[in-house]
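The lines below spell out each chain.
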Amino acid sequence: MKNLAKLKIILISLLMGIVILQGLWIYDAFTNRQSTLEIHIQNAVVHSLNHYCNDKIYLRSNPEKELKLQIKTELDYVNEYLDFEIEIISNSESIINNKNSIMFEIECEQFKQSQFLKITLKAEDRYILSSIITWIGLSFLFISLLSIFTTLYIRSLNIQKQMQKLKDEFISSMTHELKTPISTISVASEILKNKKVDLDKDKVIRYSEIIFEENNRLKMLVDRVLQVSLFESGKMKFDLQEHNLHDVIESALVPLSLIINKRKGILEEELKATAPIILLDKTHFINMISNLIENSIKYSNERPHIKVSSIDYQTSIKIIIEDHGIGISKENLNHIFDKYYRGNIKNKLQSAGFGLGLFYVKQVTKGHQATISAESTESVGTKFILTFPRIY
């Protein structure tokens, strides 16, 4: 965990360093391009002024226009297509320099006094930026791709961290779940084989029943893990046959009603679908319904109140299982069907389970071409809605 945190800090620091270096590189490219432009302008002006003095352009009607054309020709020659204005001013006039203006002294024998050539550049910064826009674009593209890669990689690290946490909790829960029946079987077996303990027939039967029940519990726990493994490998096969949905639900509710009655709870049934014949794998379907109702019992108060109903819905049948238990937070509701996920339960060891039950339910619904969704409000209850396609 600590290594992952350090790695994320290193990645973010590297990304920030690269962004700063790219920014410095763009600034350096800008200043270098600015210097190159100034050199090109200076050379163009020098050549043009030589031409101005030697060819006596000053005697023509519009020397400024002639000079601008000459300078533009010189700049075009070095691929500088810059927009600018020029002005010839005398030494006696006040000369106001600004950021976009460059002054050049005109030294011609024909003039009794010095004159100056003032060049005013139009949108110089924009021109310089446009000349290096390709490199700026490539730089931003590189930074963007690097940022996306870093974000995705950090997200992947977070997912790995979360999965590792869930696996650790799964192993802890599995160890806790397996330890109880193993310990019970061990104690019961030692009592039965101890010749010093005088056991009557009833006690022998009772201890044998305990071993049998705990063995079945162990088998159920191992089967659940193996089923998840089969789902992940894609080897799980469903034996889909026509069944009366209501009959199968009734058979699933029989053993669960005993648990609810023992806790003085309420189990309501409202199976009102008019054409309940669907294709289903009876074993997996019963396990799925049992998982959902066992969860409702587990996370209900002392007296669970659970309702199981079925209704017609277009070309499908909806099965609704709702309770009045502790509910599920919005944060946990988005992850309840994830493998190993058990939510923010205060004491996860005391709350039995591997975090595989609802993952198993989700896989079973997929195997039946069905869907499942959940609605929940904390301290109010939870509702699971299963939608199965009808065949008639």
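Use the structure listed above.
Residues numbered from 1 in each chain as written. Predicted model: local features only at pLDDT ≥ 70, side-chain atom pairs only at ≥ 80, totals over all residues. Heavy atoms only, no water.

Colleague: Let's hear about the sheet that holds strand β1 (residues 84-90): which residues, and what values?
Modeller: Pairing within the open sheet is antiparallel, and its three strands lie in the order β1-β3-β2. Only two strands of the sheet have a single partner each, and these edge strands are β1 and β2 (101-106). Averaged over neighbouring strand pairs, the angle between their axes works out to 20° when direction is ignored. Two elements, β1 and strand β3 (residues 115-121), share seven bridges in a ladder whose sense is antiparallel. Paired with Ile-89 across the two strands is Phe-116, which belongs to β3. Against the sheet, helix α2 (residues 63-77) engages β1 and β3, with an angle of about 135° to β1. (Pairing = 2+ DSSP bridges. Helix = DSSP H or I, 4+ residues; strand = E, 2+ residues; numbered from the N terminus. Axes fitted to C-alpha atoms, helices over the stretch in contact; angles between N-to-C directions. Contact = heavy atoms within 4.5 Å.)

Colleague: Talk me through a nonpolar patch on the surface; I want residue IDs and the actual numbers.
Modeller: Together, Trp-25, Trp-135, Leu-138, Leu-141, Leu-145, Ile-148 and Leu-152 make up an exposed nonpolar region whose accessible area comes to about 740 Å². Looking at the secondary structure, you find Leu-145 in helix α4 (residues 133-193). Relative accessible area serves as the criterion here: at 53%, Leu-145 is assigned to the exposed category. (Patch = residues over 30% accessible without salt bridge, like charges linked within 9 Å, V, L, I, M, F, W, Y side chains within 5 Å. Areas by Shrake-Rupley, 256 points an atom, 1.4 Å probe, with all protein chains shown as cover. Salt bridge = Lys/Arg side-chain N within 4 Å of Asp/Glu carboxyl O. Buried < 20%, exposed > 50% of the residue type's maximum accessible area, 1.4 Å probe, protein only.)

Colleague: Account for helix α6 (residues 245-262), with residues named and values stated.
Modeller: The end-to-end C-alpha separation of α6 is 26 Å, in line with the 26 Å expected for 18 residues at 1.5 Å each. Every buried residue belonging to α6 is among Leu-245, His-246, Val-248, Ile-249, Ala-252, Leu-253, Leu-256 and Ile-260, and all of these are buried. In this fold, the buried residues of α6 make contact with β4 (241-244), β5 (266-271), β6 (277-280), α7 (282-298), β7 (305-313) and β8 (316-323). Of the residues that open α6, the one with a side-chain oxygen 2.9 Å from the backbone nitrogen of His-246 is Asn-244. Once α6 finishes, Lys-264 follows within two positions and takes phi at roughly 60°, a positive value. (Expected span 1.5 Å × (residues − 1). Polar contact = N/O pair within 3.5 Å; in protein donor to acceptor, adjacent residues only side chain to side chain.)

Colleague: Tell me about the packing of α7 against helix α9 (residues 357-367), and please be specific about residues and values.
Modeller: Between α7 and α9, the shortest axis-to-axis distance is 9 Å and the interhelical angle comes to 145°. As α7 packs across α9, the resulting crossing turns out to be left-handed. The segment α7 lies against α9, with His-284, Asn-287, Met-288, Asn-291, Leu-292 and Asn-295 engaging Gly-357, Leu-358, Tyr-360, Val-361, Val-364 and Thr-365. When its residues are assigned to classes, the contact of α7 with α9 shows six nonpolar, six polar and no charged. (Left-handed = near helix turned anticlockwise from the far one by under 90°. Nonpolar A, V, L, I, M, F, W, Y, C, P; charged D, E, K, R; others polar.)

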